[in-house]
Amino acid sequence: MDAASADTGLSAVAAAIGDPARARILCSLLDGCARTATELAALADVGASTASAHFTRLREQGLVEIAVQGKHRYYRLANPQVAAALEALLVVAGVPRTPFQPSTPPHLHHARTCYDHMAGTLAVRMHDAMLAQGWLRANGEDYELTTAGVDALKTLGLPAEALRPQRRRFAYPCLDWSSRKPHLAGGLAAALLRHCGDKGWLTRDLDSRALRFSARGERQFAKAFGLAE
C-alpha cells in the first residue's frame, strides 16, 4: 500500500469511528460480548433506521461483523486488532470502560442447558479454557480435538467414542445468549454434559433449564478443565 492509499484508508476508518453514535456502539462491544441491533441502537440513542446505517458503515470499514445464532443476529467487533485500536484510543481519551451486565436470572446465567449441551458462565469458561490449553483448535467454523485434547479428556474419563467424529457436528462455538460469548456445542459438548451428570457434579432442574452444581461438583469441574479461581 502506498502512502496515499494508506492515508485514505486511515481517514476512512477514523471517520467511521469518529461519529459519536458509532463510537458508542464500538465501545459497548469492547467487552467481547455480542449485542443485538436493538440493544446497540438503544446504547447509541438512535432509531432503528439510523442504527442500520451505522452498522453498514462499520461493517464496510471492517470494524464489526455479524454473528448469526438461530433466528437472532448479533454484532461484535471484527477482530482483536479492532479492539486493541479502540483500547488505545480510550486510553488517550481517558474514558473508563463499562462492564456488560446480563439481565438473565442468576440461576440460568450461571449454568443451564442449551438443547443437549451446557450453556451459561461455566460453559463459556470451559470453552475458553479448552482453547487456551490447546485441547481444541479451529477448523473453519468448527473445532477439532488436538492430541493434547484427546489425552486430557481421556484422563478425565470421557468415553473414547465421545472423542471421535460423529454423524452430527462434532464441536463448534455457540453464542451464549446470557454471556454473549461462545460456549461449546455439538456432539462433544453433549458428551461433556452427560459426563458431568454421571460424575454427580450437577443436577438438572425439573421445571427449568437450570443446571445446579454442588459446591464439590463445581470445584471438581473447575479442576478438571483448569478454570482459574
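Every chain's residues receive numbers from 1 upward, in the order its sequence appears when written. In keeping with the predicted nature of the model, local features appear solely for residues at pLDDT of at least 70, side-chain atom pairs appear and are counted solely at 80 or more, and the whole-chain, interface and lining totals rest on all residues. As a convention, hydrogens and water are excluded, and side-chain values are obtained from all of the structure's heavy atoms.

As recorded by an unreviewed UniProt entry, the protein chain carries the name Transcriptional regulator and is attributed to Bordetella genomosp. 13.

Caption draft 1: Fine view of the side chain of S178. Along the chain, S178 turns up in the loop between β8 (172-175) and β9 (182-185). A 3.5 Å cut-off defines polar contacts: any pair of N or O atoms within that distance qualifies, except that in protein one atom must be a possible hydrogen donor and the other a possible acceptor, and neighbouring residues in sequence count only when both atoms are side-chain atoms. A polar contact is formed between the side chain of S178 and the side chain of R112, at a distance of 2.9 Å. A distance of 2.7 Å separates the side chain of S178 from the side chain of D176, its partner in a polar contact. Helical segments are the DSSP runs of H or I of at least four residues, strand segments are the runs of E of at least two, and each set is numbered from the N terminus.

Caption draft 2: The arrangement of the nonpolar core in detail. What makes a nonpolar core is a set of buried Ala, Val, Leu, Ile, Met, Phe, Trp, Tyr and Cys residues whose side-chain atoms join them at distances within 4.5 Å. Buried means the residue's accessible area, taken with a 1.4 Å probe over protein chains only, is under 20% of the maximum for its type, while exposed means over 50%, and partly exposed covers the values in between. Ranked by size, the top nonpolar core spans 34 residues in total, and within it M130, L153, L188, F221 and F225 carry the most contacts. At the level of secondary structure, the elements contributing two or more residues to this core comprise α7 (121-132), β7 (142-145), α8 (147-155), α9 (187-198), β11 (211-213) and α10 (215-225). Considering every element that reaches this core, the biggest residue donor is α9, with 6 residues. The residues contacting F225, other than those within four sequence positions of it, are M126, A129, M130, Q133, W135, L153, L156 and L192. Grouped together as the second largest cluster of nonpolar side chains are 21 residues, I17, A21, V82 and L86 included. Contacts are assigned to residue pairs with any non-hydrogen atoms lying within 4.5 Å of each other.

Caption draft 3: Broad picture of the pattern of salt bridges. Criterion for a salt bridge: a side-chain nitrogen of Lys or Arg within 4 Å of a carboxyl oxygen of Asp or Glu. One pass over the full model with this rule turns up 7 salt bridges. Note that D176 and R112 form a salt bridge whose closest N and O atoms lie 3.1 Å from each other. Taken together, the positions of D176 in the loop between β8 and β9 and R112 in strand β4 (residues 112-114) put the pair 64 residues apart, joining distant regions of the chain. The two residues D176 and R112 agree in class, both being buried. Between D116 and R168 there is a salt bridge, and its shortest N-O distance comes to 2.7 Å.

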